Each structure stands twice: as structure tokens, then as C-alpha cells.
Amino acid sequence: MIPLVKTFLPEPQVLMPQIEEVLYSGYIAQGEVVDKFENTFQKLFQVNNCLSVNSGTSALHIALILAGVQPGDEVISTSITAEPTNVAIKQAGAKIIYADIDLKTGNIDPVSVEMLITHRTRAIMVVDYAGVPVNIPEFLKIEKQYNIPIIQDSAHALGAKYKGENLGNHFRYTCFSFQAIKHMTTIDGGMLVIKDDESYEKAKLIRWFGLDKKKDRMSNNITLQGYKYHMNNVNAQIGMVQLQFIEDILKKYIDNGIQYDAQIINGPKVEKLQYYVDTKPSYWLYTLKVKDRDNLISVLKENGVFASPLHKRNDLHTFLKSQSNTDLTNTNIFSNEMLHIPCGWWVTAQERSLIISIINDFNK
Ligand SMILES: *Cc1c(COP(=O)(O)O)cnc(C)c1O
């Protein structure tokens, strides 16, 4: 069966000596390797103020704290995402206000968001679902006009671009995940990209108990609630090795995605997504809108191809249910139709052609 997600790890001959070196170096906590990983990531993806953390969820939580989210505040979000997006909002004590999505892309709709802004809205969470960048210019306008921080959950969108530039630093906060099945894994880990220098310095304190790593323990004075969210040298070393391969790996996802875009033909049962102007997705998953979805899943399965909606719309979880009565018409349609097909580095050109012909036959 061709899987929908698959972990990429470099060959043991390449990876293991590097891990071993750090493991027995006498320093496995957060140290120089973590700094090196952050700097290398920063250079490679051309974004500033990169703060590595132990998970994408920690990155989201720190961003929410930096945005000033307090218990009882409202955070506008989307239900078409993986659960961590909205669990992090609850962790910060806020109310989740779900906006509707844009049916063309599956991403949170700026028009719907704007209608939900109140004096209690403290942050807006936007998700580049499946690797498709959100409507960046419209959300930048909203961030500016209402002075409400936008947190971009780009856990699916490493390598995606807007106007030729990588995501990160468009909004005040951008979060990436290096969890096992993302484009790039450090086993577990995440990166928070922060636009403002002052917030970046504060984030370093929040990442590590509120302690300042630049000062010795006795001259430290904790003044805020911190967490144990840092990345350690071992995970960072895995990240260093992964960064040697990430451009090739991303290219494979993107090449497959571009071929699907070009060769899958819109028809009565299957329709492709559209992308916003000047954006290039990084296709962590390839998403189709399918009428008669279960039937297509079965046909693909008979041919050895795994396809699935993968994520449960988040507002169906009791703990994550909507705390407003917003009309989510497009979310209802999209969540019933969305289907992901394999698109990653492991999908060969031959397998891709097979998938395309199955879908185009089904769609006649
Ligand atoms: C994976 C993921 C996260 C969180 O990442 P972890 O590193 O697993 O904590 C957040 N948001 C989305 C959309 C994700 O898919």
C-alpha cells in the first residue's frame, strides 16, 4: 500500500555517526548544536529570529503567550486542521471561535474572520492546511487594521512560498513542526519564527523556565511563567543532518504536487483545490474535493493506494467544540468532500501516474 505519510530519515551511515558524536560529547542538553541548527535553518529558509522548541505545539503555545492571550480571551481559528492547533488555544485558556473556510482552498477565510472580530479577540490562528499557503495579503491587512496578532500554523507548509519567499516573518508568529511525519523530522521538535526582536528575546525566557541562559543561575531572576520547551542537542543534531537533505525532499513533494495539479482533470466527481495568487504550496498532503468519496477511497485501495481525509474537523471534539454559533457552511461541505492522496518523497513517477489515471477514470 502506498502510504499517505512517511518518515524520512537519512541513511544510518550518514546519520548515526553524527548522533553518536553528540550523544557522547558530554553535552546533550540545549547548547551549541541547538544554536547551529537555528542559524542553519534561518539561513536556508531566509527567515529571522528562529526559536527552536521541543514540538510544534510548544511553538504555538509560546506564540499565543507572546500574543498576550489570557484565560477568557477569544482566538479565531479554523476547524480544518490537525488537533494541536486548537488544543494549544485551549492550553492558553482561550475560547476557540471557529471561522469558516474558503471552499476554493480549504483554508480559513479572511472575510469570515473579519466578521468574528470582537473586543475580546486577542489572536487569529491561520493554518496553511496540507501545505497550501493562506490568503496572506488579506490577513496582513487584518493584522494591521485591527492590530490583532496573527499566528501562522505552518506545520504542513515548510518550503511553501509567497511571492518567492518562504513562509515565516509575514505575520508576527509562524510555527513549524518537526514531528515524525512532517516534511522534516527531528524525531520531535518545532520552530517558532518571530518577527519582532523584543518578543524573540522574551520567547527565549518562556522556552526555558523563565530563566535567562546568558546569565548564571545565581544572577538570574524569574519574572514570568516559563516552560520546559527547549530543543536539546541530540534532536538539533538530527535536524542538522536533515537540513542537508531537506531541499531535495521538499522538491519531491512539490514535483508530485505540480504533476497532480497539471494532470488531474476537474470533473463531475473530483475537483482540485485552487491556490492564492503568488503562492506556491509545498504539498505535505495533496487534497482533492470528492463527491462519492468513500467509493474513490475503495477504488484506490484496490489498487494499493491509501487515501483518507486524515483529520477530523476539530469542532467535532467535545473539548474543542465551537464557542460561538458561526455559520460554517463551507466547512461542512469541505469536510465531507476533502480527500488526501499520497504525494510525498516516497511516491515514484510511476505510482503518481497510476494514481492520476485511477482518479481521472473515476471522474468520467
Ligand atoms: C503536527 C502539527 C502541529 C503540532 O506539531 P507537534 O510537533 O506534533 O507538536 C500543529 N499544527 C498542525 C496543523 C500540525 O499538523
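Keep in mind it's a predicted model, so treat the numbers as computed, not measured.

Visitor: Got a minute to help me understand the overall build of the chain in this structure?
Guide: When helices and strands are counted, the chain shows 11 helices and 13 strands. Taken against the 2.2 N^0.38 rule, which gives 21 Å for 364 residues, the C-alpha radius of gyration of the chain at 21 Å falls within 12% of a compact globule. When its C-alpha atoms are laid out on the principal axes, the chain stretches across 70 × 55 × 35 Å. Counting the 364 residues in the chain, one finds 56% classified as buried. In the chain, once contacts between residues fewer than 6 apart in sequence are set aside, the share between residues at least 24 apart is 72%. Summed over its atoms, the accessible surface of the chain is roughly 15,900 Å², and 52% of this surface lies on carbon and sulfur atoms. Between the mean site of the 37 positive side-chain charges and the mean site of the 39 negative ones, the chain shows a separation of 2 Å.

Visitor: Teacher, can you tell me more about the site of the ligand here?
Guide: Contacts to the ligand come from 15 residues, most closely from T57, D153, H156, S177 and K182. Between the ligand and the protein, one listed contact pairs a nitrogen atom with a side-chain N or O atom of D153 at 2.7 Å. Side-chain polar atom of H156 to an oxygen atom of the ligand: 2.7 Å apart, as the coordinates give it. When the free accessible area of the ligand is taken as 380 Å², the share hidden by the protein chains comes to 91%. Listed by contribution, the elements that provide at least two residues to the shell around the ligand are helix 3 (56–66) and helix 4 (84–91). Of the residues contributing to the shell around the ligand, the split by class is 4 nonpolar, 9 polar and 2 charged.

Visitor: Whenever I open this one, the nonpolar core confuses me. Can you help?
Guide: Core analysis: the largest hydrophobic core is formed by 84 residues, its most contacted members being F37, F41, I76, I124, F139, Y260 and I341. Broken down by element, the residue count for this core peaks at 12 residues, all from helix 8 (residues 233–263). Both domains that meet at this core, namely domain 1 (12–243) and domain 2 (246–362), each give it at least three residues. Core analysis: the next-biggest nonpolar cluster, separate from the first, contains 30 residues, A94, M125, Y173 and L320 among them.

Visitor: Hey, could you run me through the sheet that holds strand 11 (residues 279–280) in this one?
Guide: Across a sheet, paired strands are connected by hydrogen bonds in the backbone, their directions being either parallel or antiparallel. Taken together, 3 strands build an open sheet; the order of strands is 7-6-11 and the sheet is antiparallel. Unpaired on one side and paired on the other, strand 7 (165–166) and strand 11 mark the two borders of the sheet. In the sheet, strand 6 (residues 161–162) pairs with strand 11 via 2 bridges, with the strands oriented antiparallel. Note that in strand 11 the partner of K161 across the bridge is K280.

Visitor: Even after reading the chapter, I still don't get the pairing of strand 13 (residues 338–341), so can you show me in this structure?
Guide: The side chains of a regular strand alternate between the sheet's two faces. Side chains M338 and H340 of strand 13 all project onto a buried face; the interleaved residues L339 and I341 project onto the opposite face, where all are buried too. Strand direction decides the pairing type here: strand 12 (residues 286–290) and strand 13, joined by 4 bridges, are antiparallel. Within strand 13, the residue paired with K289 across the bridge is M338.

Visitor: Explain helix 7 (residues 197–207) here, please?
Guide: Note that an α-helix has 3.6 residues per turn; residues three or four places apart therefore point the same way. For helix 7, the complete set of buried residues consists of S199, Y200, A203, I206 and R207. Looking straight down helix 7, one finds that the buried residues subtend no more than 115° of arc, so they occupy a single side. With respect to the buried face of helix 7, the exposed residues turned more than 90 degrees away are D197 and E198. Contacts from the buried residues of helix 7 go to helix 2 (32–45), strand 1 (50–53), helix 3, strand 8 (173–177) and strand 9 (190–194). In the segment just after helix 7, F209 is the residue with positive phi, at about 60°.

Visitor: I'm lost on the pattern of salt bridges in this one. Help?
Guide: Two side chains carrying opposite charge are able to pair once their charged atoms lie near each other. Tallied over the full model, the rule gives 13 salt bridges. Close ionic contact of D102 with K104 constitutes a salt bridge, the shortest N to O distance being 3.4 Å. A salt bridge links D361 to K364; the shortest N-O distance between them is 3.1 Å. Several salt bridges share partner residues, and in doing so they unite E201, K204, D212 and K214 into one network.

Visitor: Would you mind showing me how to read the environment of Q237 here?
Guide: With respect to the helices and strands, the residue Q237 is situated in helix 8. Its relative accessible area of 6% is what places Q237 among the buried residues. Note: C-alpha distance between Q237 and K36 (201 residues apart in sequence) is 8.9 Å. In this structure Q237 touches Q18, I19, V22 and V33, once residues within four positions along its chain are discounted.

Cut-offs applied
- Residues numbered from 1 in each chain as written.
- Predicted model: local features only at pLDDT ≥ 70, side-chain atom pairs only at ≥ 80, totals over all residues.
- Heavy atoms only, no water.
- Helix = DSSP H or I, 4+ residues; strand = E, 2+ residues; numbered from the N terminus.
- Rg over C-alpha atoms; globule rule 2.2 N^0.38 Å.
- Buried < 20%, exposed > 50% of the residue type's maximum accessible area, 1.4 Å probe, protein only.
- Contact = heavy atoms within 4.5 Å.
- Areas by Shrake-Rupley, 256 points an atom, 1.4 Å probe, with all protein chains shown as cover.
- Lys, Arg positive; Asp, Glu negative; His and termini not counted.
- Charge placed at Lys NZ, Arg CZ, Asp CG, Glu CD.
- Near = heavy atom within 4 Å.
- Polar contact = N/O pair within 3.5 Å; in protein donor to acceptor, adjacent residues only side chain to side chain.
- Nonpolar A, V, L, I, M, F, W, Y, C, P; charged D, E, K, R; others polar.
- Core = buried A, V, L, I, M, F, W, Y, C linked by side-chain atoms within 4.5 Å.
- Domains from an automatic or database assignment.
- Pairing = 2+ DSSP bridges.
- Arc of directions from axis to C-beta.
- Salt bridge = Lys/Arg side-chain N within 4 Å of Asp/Glu carboxyl O.

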